[in-house]
Amino acid sequence: MNFRRGWREDEPEVNLIPMIDVLLVVLIFLMISTQFRQEHGMELQLPLGGGGSTSERAHEITLAANGRLQLDGKDLGSDPGATVFAQSMRALRSQGDATLVLAADARIPHGQVMAVLEALRSAGFHRLRVRTRPAGP
């Protein structure tokens with residue numbers, strides 16, 4: 001007995017419309033989600049390497065483990081926004097275009113180092129070197 005007489009099997013067809021719809025939704029999601037990413041930072045000019053020139057005069061600002069700031073051995077307190085720090089930076093700035101070296105202890109939180117860098121940038125210093133001092137006992 002042949003019960004399938006006259007019945008033809010339909011050929012399968014590939015419908016691409018649902019796949020295209022899904023891909024468009026994923027594409028729109030990716031385009032929108034990339035707009036939410038905002039980067040905030042500080043522009044740095046990294047050195048090319050090698051030693052610094054010996055003809056420049058460099059002043060050292062030390063950020064100790066206890067948070068105290070010193071300029072060439074002179075105590076400036078612990079707040080980079082204080083008037084003592086600002087007056088010292090203005091006096092140093094009036095001497096000419098000197099390079100500053102920020103020597104920070106390795107145990108200092110990143111936020112404190114960034115606060116000092118921002119205070120120096122606000123004071124008009126754009127030639128800065130950063131050096132990390134190993135954490136002492």
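Residues numbered from 1 in each chain as written. Predicted model: local features only at pLDDT ≥ 70, side-chain atom pairs only at ≥ 80, totals over all residues. Heavy atoms only, no water.

1. Quick word on the overall build of the protein
Here is step 1 of the chain: Scanning the protein from terminus to terminus reveals 3 helices and 5 strands.
Here is step 2 of the chain: Counting from the amino terminus, the protein carries its helices and strands in the arrangement α-β-β-β-α-β-α-β.
Here is step 3 of the chain: A burial count over the protein gives 22% of its 137 residues as buried.
Here is step 4 of the chain: Roughly 11,200 Å² of accessible area belongs to the protein as shown, and the carbon and sulfur atoms make up 56% of that amount. (Helix = DSSP H or I, 4+ residues; strand = E, 2+ residues; numbered from the N terminus. Buried < 20%, exposed > 50% of the residue type's maximum accessible area, 1.4 Å probe, protein only. Areas by Shrake-Rupley, 256 points an atom, 1.4 Å probe, with all protein chains shown as cover.)

2. Quick look at the pairing of strand 1 (residues 58–63)
Here is step 1 of the chain: Bridge analysis of strand 1 against strand 4 (residues 99–105) gives 6 bridges, and the strand direction is parallel. Note that in strand 4 the partner of His59 across the bridge is Leu100.
Here is step 2 of the chain: Both strand 1 and strand 2 (residues 69–71) contribute to a ladder of 3 bridges, which runs antiparallel. Its bridge partner being in strand 2, Ile61 is matched across the sheet by Leu71.
Here is step 3 of the chain: The hairpin formed by strand 1 and strand 2 contains 5 residues between the paired strands, and Gly67 there has a positive phi angle of roughly 90°. (Pairing = 2+ DSSP bridges.)

3. Some thoughts on a negative patch on the surface
Here is step 1 of the chain: Among the surface-exposed residues, Glu9, Asp10, Glu11 and Glu13 lie close enough to one another that they form a single negatively charged patch.
Here is step 2 of the chain: Checked against the element boundaries, Glu13 lands in the segment before helix 1 (17–34).
Here is step 3 of the chain: Of the residues examined, Glu13 reaches a relative accessible area of 70% and is grouped as exposed. (Patch = residues over 30% accessible without salt bridge, like charges linked within 9 Å, V, L, I, M, F, W, Y side chains within 5 Å. Salt bridge = Lys/Arg side-chain N within 4 Å of Asp/Glu carboxyl O. Lys, Arg positive; Asp, Glu negative; His and termini not counted. Charge placed at Lys NZ, Arg CZ, Asp CG, Glu CD.)

4. What to know about the side chain of Thr62
Here is step 1 of the chain: Secondary-structure assignment places Thr62 in strand 1.
Here is step 2 of the chain: By relative accessible area, Thr62 is classed as buried at 9%.
Here is step 3 of the chain: Here the side chain of Thr62 touches Glu60 through a polar contact of 3.3 Å, side chain to side chain. (Polar contact = N/O pair within 3.5 Å; in protein donor to acceptor, adjacent residues only side chain to side chain.)

5. Some remarks on the environment of Ser78
Here is step 1 of the chain: Along the chain, Ser78 turns up in the loop between strand 3 (74–77) and helix 2 (83–94).
Here is step 2 of the chain: On the basis of relative accessibility, which here comes to 44%, the residue Ser78 falls in the partly exposed class.
Here is step 3 of the chain: Each C-alpha atom, one on Ser78 and one on Asn66, is 8.4 Å from the other, the two residues being 12 residues apart in sequence.
Here is step 4 of the chain: Contact partners of Ser78, with chain neighbours within four places excluded, come to Gly67, Arg68 and Leu69. (Contact = heavy atoms within 4.5 Å.)

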